[in-house]
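# Residue-level structure breakdown
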2 protein chains.
Amino acid sequence: MTSDGLAGDLPPGSAGHIPEPVDGPADPGTVRPGGRTARVREAVLRAAGDALAEHGFAGLDLADVAQRAEVGKTTVYRRWGSTTALVADLLVDMAESSVSRTETGSLLGDLRANAHLVRRTLTDERQGALFKAVIAAATCDNRTSDALHAFYATRIKEWAPCVEAAIARGEAPAGTDPHEVIRAVSAPLYYRLLASGDPLDEASAEHAATAAAAAARAGAYVR
Amino acid sequence: MTSDGLAGDLPPGSAGHIPEPVDGPADPGTVRPGGRTARVREAVLRAAGDALAEHGFAGLDLADVAQRAEVGKTTVYRRWGSTTALVADLLVDMAESSVSRTETGSLLGDLRANAHLVRRTLTDERQGALFKAVIAAATCDNRTSDALHAFYATRIKEWAPCVEAAIARGEAPAGTDPHEVIRAVSAPLYYRLLASGDPLDEASAEHAATAAAAAARAGAYVR
DNA sequence: GACTTAATGGAACAGGAGTCCCGTTATGAC
DNA sequence: GTCATAACGGGACTCCTGTTCCATTAAGTC
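Thresholds applied
Residues numbered from 1 in each chain as written. Chains lettered and ligands numbered in written order. Predicted model: local features only at pLDDT ≥ 70, side-chain atom pairs only at ≥ 80, totals over all residues. Heavy atoms only, no water. Salt bridge = Lys/Arg side-chain N within 4 Å of Asp/Glu carboxyl O. Helix = DSSP H or I, 4+ residues; strand = E, 2+ residues; numbered from the N terminus. Near = heavy atom within 4 Å. Polar contact = N/O pair within 3.5 Å; in protein donor to acceptor, adjacent residues only side chain to side chain. Contact = heavy atoms within 4.5 Å. Buried area = accessible area lost by both parts, 1.4 Å probe. Nonpolar A, V, L, I, M, F, W, Y, C, P; charged D, E, K, R; others polar. Axes fitted to C-alpha atoms, helices over the stretch in contact; angles between N-to-C directions. Parallel < 35°, antiparallel > 145°, perpendicular 65-115°, else oblique. Core = buried A, V, L, I, M, F, W, Y, C linked by side-chain atoms within 4.5 Å. Buried < 20%, exposed > 50% of the residue type's maximum accessible area, 1.4 Å probe, protein only. Least-squares fit on C-alpha atoms with pLDDT ≥ 70 in both.

The final tally for this structure, using the stated rule, is 24 salt bridges over all chains. The residue Asp-198 of chain B makes a salt bridge to Arg-183 of chain A at a minimum N-O spacing of 2.9 Å. Separated into two different chains, Asp-198 of chain B in the loop between helix 8 (178-196) and helix 9 (202-217) and Arg-183 of chain A in helix 8 (residues 178-196) make up a pair that spans both. Its salt-bridge partner being Asp-89 of chain B, residue Arg-41 of chain B comes within 3.0 Å of it at the nearest N-O pair.

Arg-32, Gly-34 and Tyr-77 of chain A together with Arg-78 and Arg-79 of chain B are the nearest of the 25 residues found near DNA strand C. Near the protein, meaning within 4 Å, the atoms of DNA strand C are sugar or phosphate in a fraction of 59%, with bases accounting for the rest. Take Arg-36 of chain A: an N or O atom from its side chain is 3.0 Å from a base oxygen of DNA strand C. Elements that contribute at least two residues to the surface near DNA strand C include exactly helix 1 (35-55) and helix 3 (73-79) of chain A together with helix 1 (35-55) and helix 3 (73-79) of chain B.

This part is about the interface of chain B and chain A. Listed as interface residues are 40 residues of chain B and, on the opposing side, 40 residues of chain A. When chain B packs against chain A, close to 3,600 Å² is buried across both sides, 65% of that on carbon and sulfur atoms. On the surface where chain B and chain A come into contact, there are four salt bridges. Our enumeration of links across chain B and chain A arrives at eight residue pairs in polar contact (both at pLDDT 80 or more). Only helix 6 (125-138), helix 7 (142-169), helix 8 and helix 9 of chain B provide two or more residues apiece to the side of chain B that touches chain A. At eleven residues, helix 8 of chain B tops the list of elements feeding residues into the side of chain B that touches chain A. The residue inventory of the side of chain B that touches chain A, partitioned by class, reads 23 nonpolar, eleven polar and six charged.

Residues and elements named next belong to chain B. Where helix 5 (residues 107-123) contacts helix 6, the axes come no closer than 5 Å and their chain directions differ by 90 degrees. Taken together, the axis directions place helix 5 and helix 6 in an arrangement best described as roughly perpendicular. Residues Thr-121, Leu-122 and Thr-123 of helix 5 pack against Glu-125, Gln-127, Gly-128 and Phe-131 of helix 6. Here the contact of helix 5 with helix 6 is composed, by residue class, of two nonpolar, four polar and one charged.

Attention now moves to the nonpolar core. Counting 136 residues, the largest nonpolar core has Phe-57, Leu-111 and Tyr-152 of chain A together with Phe-57, Leu-111 and Tyr-152 of chain B as the members making the most contacts within it. Discounting chain neighbours no more than four positions away, the residues touching Leu-111 of chain B are Cys-162, Val-181, Ile-182, Val-185, Ala-209, Ala-212 and Ala-213 of chain B.

Bringing the relation of the copies chain B and chain A into the picture now. The transformation that overlays chain B on chain A combines an axial shift of 0.0 Å with a rotation of 180 degrees, and the residual RMSD is 0.0 Å. Classification of the inter-copy transformation places it as that of a two-fold axis. Within chain B, Ala-136 of chain B has its C-alpha nearest the rotation axis, a separation of 2.1 Å.

The following block contains the structure:
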């Protein structure tokens, strides 16, 4: 099997991970990160995303990714080493691409915008499959799950201000945890995607938003 | 890799799946399901659960499962054929074991009982890891995800009556979807387990229950 | 208890994932 | 432009997953 999920395979950090000067040779990709190296990483991550969306995490084969990226198989194994490490790097890349947030002026309006954005993402053929695969990978490896958590922390932080504004407007009681409210909007949609399998229709997004808004108003998310 | 997630590998149904009389030879385990066959299935499913809890889905190796179950490797490959099919059968087995439901007399009380039960399950070392692994497997294969959805449908159905009772008592508006309320309790806990990684503490269970109750009271789950 | 054959299990086999070696390319520093 | 060497890529090699074959065991029927 690809990875035991716990072995000490250092993920050769190609982004955001500047290693302290170890005596041994540095991880490949860190000393000359420009030009070819960057092009290779870009091509491999795109190929990995495609492969994950098509075959899911269990079907992720590094040799296949190398071929799609038109890159040597050795390179992929040397720089990433395992499927989970590759997914972890993909998540770092995904976290960097920010999504725009809309401001409607009311808590319910903002939460509805968020709910429909999440729903659209998860029902998109490629994106939905990709998220499923990435979450599956994260269940198998600690570093990958760390990267996943960082990804969601980024996204939740981006949307927290709309709850803070709502508190300032008096739409929710003081002491309400903004992150908890944002999580409450996404949670039912992810639950459908991953667990229950119920349809991710427009109504489910509406329910998610109205429920989170009602619960916030009632003070259910006061710390 | 173990399974491409779509190939037409018939999972030799050992439970709940009575095949129509095909001309070809029947799936192994269906003609003489008693005695040894049943013991083998039990041992293999237990071993599969242990292996999943220990190494996660990516680390699931059928040869390892066979050894743990003290069963021939050939038997496991013949009867289940792929890791995802084995997990699907495990889910059928899990769905059969029912969990007791408590009746507290109020919607909030019942939902709190449910939330804490789910939380306890997901934070249990073995059970939590098992659920993660099973969900990961379901993202990779259609039959496995069908089995997972059936599992949750069973569980949700078991708890729906407490919402129906609440509607009858006037605690939630008529037309409220009971299943939606029960899902709303579990969803934030699963979201933490699988996506955001936030701690599954007692407070998170309380929030899940109170939020679902408040949203239901406010009519957020009216169809 | 005897009989048919479904189901199991050991062993040999095949194919592919992942590793290693070493020559080639091109980055970054001067 | 020149140079040292980081990073890449092809191909051979290894080991392990998954398959096939056939002898052995025991479930179900009379």
